[in-house]
Amino acid sequence: MTLATAPRRPTAPAADRAARPRRDLGAWFLVLPALLPILVLSVGPLLYGIGLAFTDAQSGRTQATRFVGLLNFSDLFQDSLFWDSFRIGLIWAFGVTVPQFLLALGLALLLHLDLRLRWLARALAIIPWAMPEVVVGIMWRLVYHPDAGILNETLRDLGLSGAGDGRDWLSGLATALPAVIVVGVWAGMPQTTVTLLAGLQNVPRELHEAASMDGAGAWRRFRTVTWPALRPIALAVTALNFIWNFNSFALVFVLTDGGPGGRTRLPMLFAYEEAFRYGQFGYAATMGLAMVAVISVLLALYLVGRLKGDDDR
Amino acid sequence: MAFPFLWLLSTAFKPPRELAGLHPTWIPEAPTLDNFRQAFAQQPLAAAAGNSLLAAAVSALLAILLATPMAYVLARVRNRLSRAATGWVVISQAFPLVLVIIPLFLILKGLHLVDSRIGLIMVYVVWSLPFALWMLTGYVRSVPRELEEAAAMDGAGRLRTLVSVTAPLLAPGIVATALFAFITAWNEFFFALVLLKSPEKQTLPVVLTHFLGAEGVADLGPLAAAALLATLPSLLLFAVIQRRITGGMLAGAVKS
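Residues numbered from 1 in each chain as written. Chains lettered and ligands numbered in written order. Predicted model: local features only at pLDDT ≥ 70, side-chain atom pairs only at ≥ 80, totals over all residues. Heavy atoms only, no water.

1. Let's talk about the overall build of chain A
- Check the secondary structure of chain A and you find 15 helices and 0 strands.
- Partitioning the contacts of chain A with sequence separation of at least 6, the portion at a separation of at least 24 is 66%.
- Within the structure as shown, chain A displays about 15300 Å² of accessible surface, and the carbon and sulfur contribution to it stands at 65%. (Helix = DSSP H or I, 4+ residues; strand = E, 2+ residues; numbered from the N terminus. Contact = heavy atoms within 4.5 Å. Areas by Shrake-Rupley, 256 points an atom, 1.4 Å probe, with all protein chains shown as cover.)

2. A few points about the UniProt feature "transmembrane region" (unreviewed entry) in chain B
All names here are of chain B.
- According to UniProt, the feature "transmembrane region" (unreviewed entry) maps to residues 53-75, 87-108, 120-140, 161-186 and 220-241 in the numbering used here.
- For residues 53-75, the helix share is 100%, the strand share is 0%, and the end-to-end C-alpha distance is 31 Å.
- With 91% helix and 0% strand, residues 87-108 has its two end C-alpha atoms placed 26 Å apart. (UniProt positions renumbered as here; feature names shortened; annotations may be inferred.)

3. A short note on the packing of helix α7 (residues 133-144) of chain A against helix α1 (residues 3-12) of chain B
- In the contact formed by α7 of chain A and α1 of chain B, the axes pass within 9 Å of each other and the chain directions differ by 80 degrees. With respect to their mutual orientation, α7 of chain A and α1 of chain B come out roughly perpendicular. In this structure, α7 of chain A contributes Val 135, Met 139, Trp 140, Leu 142 and Val 143 of chain A to the contact, and α1 of chain B contributes Pro 4, Phe 5, Trp 7, Leu 8 and Thr 11 of chain B.
- Split into classes, the residues belonging to the contact of α7 of chain A with α1 of chain B amount to 9 nonpolar, 1 polar and no charged. (Axes fitted to C-alpha atoms, helices over the stretch in contact; angles between N-to-C directions. Parallel < 35°, antiparallel > 145°, perpendicular 65-115°, else oblique. Nonpolar A, V, L, I, M, F, W, Y, C, P; charged D, E, K, R; others polar.)

4. Focus: the pattern of salt bridges
Residue and element names in this part refer to chain A.
- By the definition in use, this model includes 8 salt bridges over all chains.
- Two residues, Arg 66 and Asp 56, come together in a salt bridge whose shortest N-O distance is 3.3 Å. With Arg 66 in the loop between α3 (20-52) and α4 (71-78) and Asp 56 in the loop between α3 and α4, this residue pair connects regions lying 10 residues apart in the sequence.
- For Arg 66, a relative accessible area of 54% corresponds to the exposed category.
- Since its relative accessible area comes to 14%, Asp 56 is described here as buried.
- The shortest N-O distance in the salt bridge between Asp 257 and Arg 277 comes to 3.5 Å. In this pair, Asp 257 is assigned in the loop between α13 (250-255) and α14 (267-276) and Arg 277 in the loop between α14 and α15 (281-312), connecting sequence segments 20 residues apart.
- Through salt bridges that share partners, Asp 257, Arg 265, Glu 273 and Arg 277 make up one connected network. (Salt bridge = Lys/Arg side-chain N within 4 Å of Asp/Glu carboxyl O. Buried < 20%, exposed > 50% of the residue type's maximum accessible area, 1.4 Å probe, protein only.)

5. A short note on unusual backbone geometry
- Here the bond from Gly 259 of chain A into Pro 260 of chain A is cis, since omega is -10 degrees, no more than 30 degrees from zero.
- Along the chain, Pro 260 of chain A turns up in the loop between α13 and α14.
- The residue His 112 of chain B is not glycine, and still its phi comes out positive at about 55 degrees.
- The backbone of Asp 115 of chain B shows a phi angle near 60 degrees, a positive value even though the residue is not glycine.
- Within the secondary structure layout, Asp 115 of chain B lies in the loop between α6 (97-110) and α7 (117-141).
- A relative accessible area of 17% means that Asp 115 of chain B is categorised as buried.

6. A few points about the environment of Ala 271 of chain A
- The residue Ala 271 of chain A is located in helix α14 in this model.
- The exposure class assigned to Ala 271 of chain A is buried, which follows from its relative accessible area of 0%.

7. Looking at the confidence of the model for chain A
Residue and element names in this part refer to chain A.
- Looking at chain A, the pLDDT average stands at 83 and 87% of residues meet or exceed 70.
- Per-element mean pLDDT across chain A ranges from 38 in helix α1 (residues 2-5) up to 96 in α13.
- Considering only residues more than four positions removed or in separate chains, one finds that residues 1-22, a stretch of pLDDT under 50, has 17 contacts. (pLDDT = per-residue confidence, 0-100.)

8. Focus: the interface of chain B and chain A
- Every contact between the two is made by 86 residues of chain B and, on the other side, 86 residues of chain A.
- Both sides of the chain B and chain A interface together cover about 8000 Å² of buried area, and 78% of this is carbon and sulfur.
- When the buried surface of chain B facing chain A is broken down by residue, Met 1, Leu 99 and Arg 158 of chain B rank first, second and third, together holding 9% of it.
- Counting across the chain B and chain A interface gives 0 salt bridges.
- At the boundary of chain B with chain A, the tally comes to 5 residue pairs in polar contact (both at pLDDT 80 or more).
- Looking at the side of chain B that touches chain A element by element, the count peaks at 18 residues for helix α12 (residues 220-255) of chain B.
- When the residues that make up the side of chain B that touches chain A are grouped by side-chain class, the tally is 64 nonpolar, 14 polar and 8 charged. (Buried area = accessible area lost by both parts, 1.4 Å probe. Polar contact = N/O pair within 3.5 Å; in protein donor to acceptor, adjacent residues only side chain to side chain.)

9. Considerations on the side chain of Ser 234 of chain B
- Within the fold, Ser 234 of chain B resides in helix α12.
- The class for Ser 234 of chain B is buried, based on a relative accessible area of 1%.
- The residues contacting Ser 234 of chain B, other than those within four sequence positions of it, are Ala 130 and Pro 132 of chain A together with Ile 183, Trp 186 and Asn 187 of chain B.

10. Some points on the UniProt feature "transmembrane region" (unreviewed entry) in chain A
Residues and elements named next belong to chain A.
- In this numbering, the UniProt entry assigns the feature "transmembrane region" (unreviewed entry) to residues 27-50, 90-111, 123-143, 169-189, 229-255 and 281-304.
- Here residues 27-50 runs as 100% helix and 0% strand, with 31 Å between its end C-alpha atoms.
- Each end of residues 90-111 is marked by a C-alpha atom, and these two atoms are 31 Å apart; helix forms 100% of the span and strand 0%.

11. Things to note about the nonpolar core
- Ranked by internal contacts, the top residues of the largest apolar core, which has 186 residues, are Trp 92, Met 131, Trp 140 and Phe 249 of chain A together with Leu 8, Ile 102 and Phe 191 of chain B.
- No other element matches the 15 residues that α7 of chain B contributes to this core.
- Once residues within four sequence positions are removed from consideration, Trp 92 of chain A is found in contact with Val 180, Ile 181, Gly 184, Asn 245, Phe 246, Ser 248, Leu 251, Val 252 and Leu 266 of chain A. (Core = buried A, V, L, I, M, F, W, Y, C linked by side-chain atoms within 4.5 Å.)

12. Some words on α7 of chain B
Residue and element names in this part refer to chain B.
- For α7, spanning 25 residues, the distance from its first C-alpha to its last is 35 Å, which sits close to the expected 36 Å at 1.5 Å a residue.
- Most of α7 is tucked away: 21 of the 25 residues are buried.
- Regarding α7, its N-cap is Ser 116, as a side-chain oxygen of that residue lies 3.0 Å from the backbone nitrogen of Ile 118 further along. (Expected span 1.5 Å × (residues − 1).)

13. Remarks on the packing of aromatic side chains
Residue and element names in this part refer to chain A.
- Tallied over the full model, the rule gives 35 aromatic pairs over all chains.
- Plain terms: the ring middles of Phe 82 and Phe 86 are 5.4 Å apart, the flat faces sit at 50 degrees to each other, and that makes the pair tilted. Residue Phe 82 and its partner Phe 86 are both found in helix α5 (residues 80-113); the two are separated by 4 residues, about one turn of the helix. Per residue, the accessibility class of Phe 82 equals that of Phe 86, and both read buried. (Phe/Tyr/Trp six-rings, centres within 6.5 Å; stacked < 30°, edge-to-face > 60°.)

In structure tokens, the structure reads:
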């Protein structure tokens, strides 16, 4: 978009025009090395995966895989465990995305206000962002650990020992999902903050100054100046965060492996078990496709929102 | 934000007596390196680190080699292909991996590349291409077109122009993208979990989960020590390129 708005050269140089056909062939030559692997190992498997959802494919089976039409879908529709995990996936994705966005927005506004603190924020942001998800999970298991963890000890120090005494947050039926959601929020905060911070840098300062001259308070300035300018990027980051969270796997796999009693079994964990513990490839692919349905709706909202954002400019 | 990390740090240096104590403390009273020694004794950490290093370095290098020319074209030519490619970048980030991993598993099995480092590297290359393209396209756009046009006037083709004019100016962006691809592969868990079965081939994140044990009963000290070691390379690299990453990703996210 930036390039599109940059002034174009009025006329293409004649030499360039003459060289066109050769150069376009060259373009293909440059594109193919990346395009072929993408087609073979990314687009191809995706289409194959969609196809598998309509078959009874299983791992290590001797008979040929058969086309079963919508059988997997009707099975899935009646699979109460899947609906449980679907519901948990939605709670998790909302539960992580919304606080993540609000906290990140607050933090971004604060940091934008005080430029001197930005280096500190960047330094802190590195930690969750750069860590392997597996390590984030392990780290929080240490924090949540009933005896050796710092959470229960802190609660004891605060005199809240009733809440924290020896409690195993990750194995409690009621506490497991909230506990993993906290980790999810923590893990994704920096990325969201940095993105929003960059969005804030696009907010025209003159507008802000004009608004304060007119006597607009902080909240009014945020609503009338900052938010309209930030909206497209806020929408984009929220939609993508929601999708990533809905699809997440490693973090919860390490924290609880879906337990206790399936209370944190996100759809991806369920599909993984179905495919690679029970070998039900076809059925697991169907689950993947059902997840795509949810994601597509969100992606559509995101794209529509982004187009609208572009029109506003 | 840093408190959980400080706790990891603290746990890694605690002797067993302090870990079993009723009132855990932030600063170990008798800090020890025993946990690190034990971690290496309990699991094949050195081999796992070697595997991770190999997979991350090779896949980052290949991804850059493949992506740079395409990113150049995407940045300079606006047509259906470049729009489709940009769309694919978004879509590929949005798919649940399970839909891709099952077919990939079957395809790689057909090629006898399941439980193979080569198979994993192939997956990592393709997997890191979208964001490599995304970041590099942004970097190419920041190179003034006029320089390339001057080269074209002198009769240089696209490849010549790319190699002799654009690439040198792109070098910092290429390095940043490569390191980001490295970190992503170093941290990756899901593909490695599914595709690698032999313990001697597994990467660091997969081996780390072996410390957790079957019932979630874990030897906390060595677990923390191993987790800390696995994090250090990506933390260090990320600290180096962090400024460029956020810049590059934003260039892609905001401007494309």
